[in-house]
Amino acid sequence: MSQVTFQGEPVAISGSFVQAGSQLPSFTLTSSTLEEIKWSDLCGTKLVINVFPSIDTPVCAASVRRFNKEASHLENVVVLCISADLPFAANRFCAIEGLKNVRTASFFRSPLFTEHFGVKISEGPLEGLSARAILIVDEEGLVTYSELVSEITNEPNYTAALDALNALS
């Protein structure tokens, strides 16, 4: 079990966080169009997996905006922004913000996703949501970078994640 904080208070995280050097666990999520998104559908692309509690918070929204901006010039890269948000909310946010370089996905139909990825908040006021995490994955599914952000209200280390992504080129 990993532990992170929320506003300085410890929050238990269930599961084993996916580490760099491991294979990406398989997953099935729900897209903004209510269709399934599976890892097998994304094989052959580089992935930025941006996991966060809710797109309706300032830090989560900032991460989606930042990866949208950084992905606009990269080839063969999919930025997958994953939260518990309903697809309608994520779709609305991206439409209002004009974000076209990210794909949103929800684990609302796949509650085991957070456990399998080691990001499930298992107690406290955010129970059932996910901790903030970034994974960079190569075309074969090898995780080359992983960050479980230690304080949920902090942004991830964009520089380190983007450096890891650029190293795949």
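Enquirer: Just give me the short version of helix α2 (residues 58-71), but keep the residues and values in it.
Expert: Turn by turn, an α-helix covers 3.6 residues, leaving residues three or four places apart pointing in a common direction. In this model, α2 (14 residues) spans 20 Å end to end at C-alpha, consistent with the 20 Å of a helix rising 1.5 Å per residue. Every buried residue belonging to α2 is among Val 59, Cys 60, Ala 61, Ala 62, Ser 63, Val 64, Phe 67, Asn 68 and Ala 71, and all of these are buried. Summarising the contacts, the buried residues of α2 are in contact with β5 (46-51), β6 (77-83), α3 (87-97), β9 (133-137) and α5 (158-167).

Enquirer: Talk me through the sheet that holds strand β7 (residues 103-106); I want residue IDs and the actual numbers.
Expert: Pairing between sheet strands relies on hydrogen bonds along the backbone, with the strands arranged either parallel or antiparallel. In space, the 7 strands of this open sheet follow the order β4-β3-β7-β6-β5-β9-β10, with mixed pairing throughout. Of all strands in the sheet, those with a lone pairing partner are β4 (36-38) and β10 (143-148), marking the two edges. The average angle at which neighbouring strand axes cross in this sheet is 30°, direction not considered. Pairing geometry for β9 and β10, over 5 bridges, is antiparallel. Looking at β10, one finds that Ile 136 is bridged to Tyr 145. Its contacts with the sheet put α2 on β5, β6 and β9, and the angle it makes with β5 is roughly 165°.

Enquirer: Just give me the short version of the side chain of Lys 46, but keep the residues and values in it.
Expert: Locating Lys 46 in the fold gives a position in strand β5. Those residues in contact with Lys 46, other than ones at most four positions away along the chain, are Glu 75, Asn 76, Val 77, Val 78, Val 137, Asp 138, Glu 139, Leu 165, Leu 168 and Ser 169.

Enquirer: How would you explain the environment of Leu 24 if you had to name every residue and give the values?
Expert: For Leu 24, the position within the fold is in the loop between β2 (9-14) and β3 (28-31). Those residues in contact with Leu 24, other than ones at most four positions away along the chain, are Trp 39, Leu 47, Ile 49, Phe 117, Leu 135, Val 137, Gly 141 and Val 143.

Enquirer: Give me the pairing of β9: which residues, what numbers.
Expert: For β9, the buried fraction is high: 5 of the 5 residues fall into the buried class. In this sheet, β9 lies alongside β5 in antiparallel orientation, the contact comprising 5 bridges. Residue pairing across strands places Val 48 opposite Ile 136, the latter belonging to β9. The turn joining β9 and β10, which pair antiparallel and follow one another in sequence, is formed by 5 residues; a positive phi near 95° is taken by Gly 141.

Conventions we followed
Residues numbered from 1 in each chain as written. Predicted model: local features only at pLDDT ≥ 70, side-chain atom pairs only at ≥ 80, totals over all residues. Heavy atoms only, no water. Helix = DSSP H or I, 4+ residues; strand = E, 2+ residues; numbered from the N terminus. Expected span 1.5 Å × (residues − 1). Buried < 20%, exposed > 50% of the residue type's maximum accessible area, 1.4 Å probe, protein only. Contact = heavy atoms within 4.5 Å. Pairing = 2+ DSSP bridges. Axes fitted to C-alpha atoms, helices over the stretch in contact; angles between N-to-C directions.

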